[in-house]
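# Commentary on secondary and tertiary structure
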Amino acid sequence: MKKMTWAGAAAALLLSACAQAPLGSAGASREFVSANEDSRVLFLVIHYTEESWDDSLRVLTHAEPPYGKVSAHYLVREEPAKVYQLVDENRRAWQAGTSYWQGTQNLNSASIGIEIVNPGDKDLKTGQRNGQYQPYAPAQVDAVVALVKDIVARHHIRPDRVIGHEDIAPDRRRDPGPAFPWHRLYEAGVIGWPDPAQVAQRQAGYAAALPDIAWAQQRLAHIGYIVPATGQLDEHTRNVISAFQMKYRNSNYDGQLDAETAALIDVAASEGGMLMKDGKPSVR
Ligand SMILES: [Zn+2]
């Protein structure tokens, strides 16, 4: 019988230990694992870059001035439509900035961010905004929808936590803007939508008598927006209403509380008002 050296025996022992229980971080044994855990990722934030592909990539990947301080986990190119991962999902991307949704502030720590290459309403030659939001390329939207579905499934992100940058920073951002087809995410089963039957019913009532702004502020805050109860249609409240409209009624996002907007807000804030594609209520 061949005599084993001490080093050989130690290596054999180590190998058999490894085979039984893999090692975790810092060489800790993963012999015991807990079932009581979930993802740190609670939110999925969608953005547009307001830049060309070249500039988007430069801004989101370079650390030195004049770039730096912004990134996203994913960047979705328009032509050809392709998804790039810039930041590991376990790391923080610097995408949300000062932000708020459903009681959570500064969402970078608890979110995954997707940047979509789209100019928004910016003329990329002059840098001027003209109010004309450019449509998203169909193949690019398909890629975004597939990516969102994948992330939501892996991290079990709730439908009411798949949001736009404009939802969580309404005074700073109109992003991903009124051209982003949120309804496609509803059709893909990852977000809820205000039940059209309930909306039609309530809209008839609100056409006769509109609720006041305090009523709308309370419900928008319940949905997740940061909205102080000022009772006034101040600039911040208009920005919040506009963000809400861009998602659920993007034909008019003027920030005014009309009958249809009031009905949409009412249903979106009501128990059982938001439906998933399969007809079941979206659970909060
Ligand atoms: Zn953004």
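Relevant structure appears above.
Note that the structure is a prediction, hence the values are computed from the model and not measured.

Here we take up the packing of helix α8 (residues 235–248) against helix α9 (residues 259–269). One can describe the packing of α8 onto α9 by two numbers: an axis separation of 11 Å at closest approach and a directional angle of 85°. In terms of axis orientation, α8 runs roughly perpendicular to α9. Of α9, the residues touching α8 (which contributes I241, F244, Q245 and Y248) are T261, L264, I265 and A268. Class assignment of the residues belonging to the contact of α8 with α9 gives a composition of six nonpolar, two polar and no charged.

Scanning the model with the defined rule gives nine aromatic pairs in all. With a centroid separation of 6.2 Å and 85° between ring planes, the pair formed by Y133 and Y253 is classed as edge-to-face. Of the two residues, Y133 sits in the loop between β6 (111–116) and α3 (138–155) while Y253 sits in the loop between α8 and α9, which places them 120 residues apart along the sequence. With a relative accessible area of 18%, Y133 lands in the buried category. Ring-pair connections join several aromatic residues into one group, and the members of that group are Y186, W193, F244 and Y248. Above the ring of W182, the side-chain terminus of K247 is found at 4.5 Å from the ring centroid.

What counts, and at which threshold
- Residues numbered from 1 in each chain as written.
- Predicted model: local features only at pLDDT ≥ 70, side-chain atom pairs only at ≥ 80, totals over all residues.
- Heavy atoms only, no water.
- Axes fitted to C-alpha atoms, helices over the stretch in contact; angles between N-to-C directions.
- Helix = DSSP H or I, 4+ residues; strand = E, 2+ residues; numbered from the N terminus.
- Parallel < 35°, antiparallel > 145°, perpendicular 65-115°, else oblique.
- Contact = heavy atoms within 4.5 Å.
- Nonpolar A, V, L, I, M, F, W, Y, C, P; charged D, E, K, R; others polar.
- Phe/Tyr/Trp six-rings, centres within 6.5 Å; stacked < 30°, edge-to-face > 60°.
- Buried < 20%, exposed > 50% of the residue type's maximum accessible area, 1.4 Å probe, protein only.
- Lys NZ or Arg CZ within 6 Å of the ring centre and 35° of its normal.

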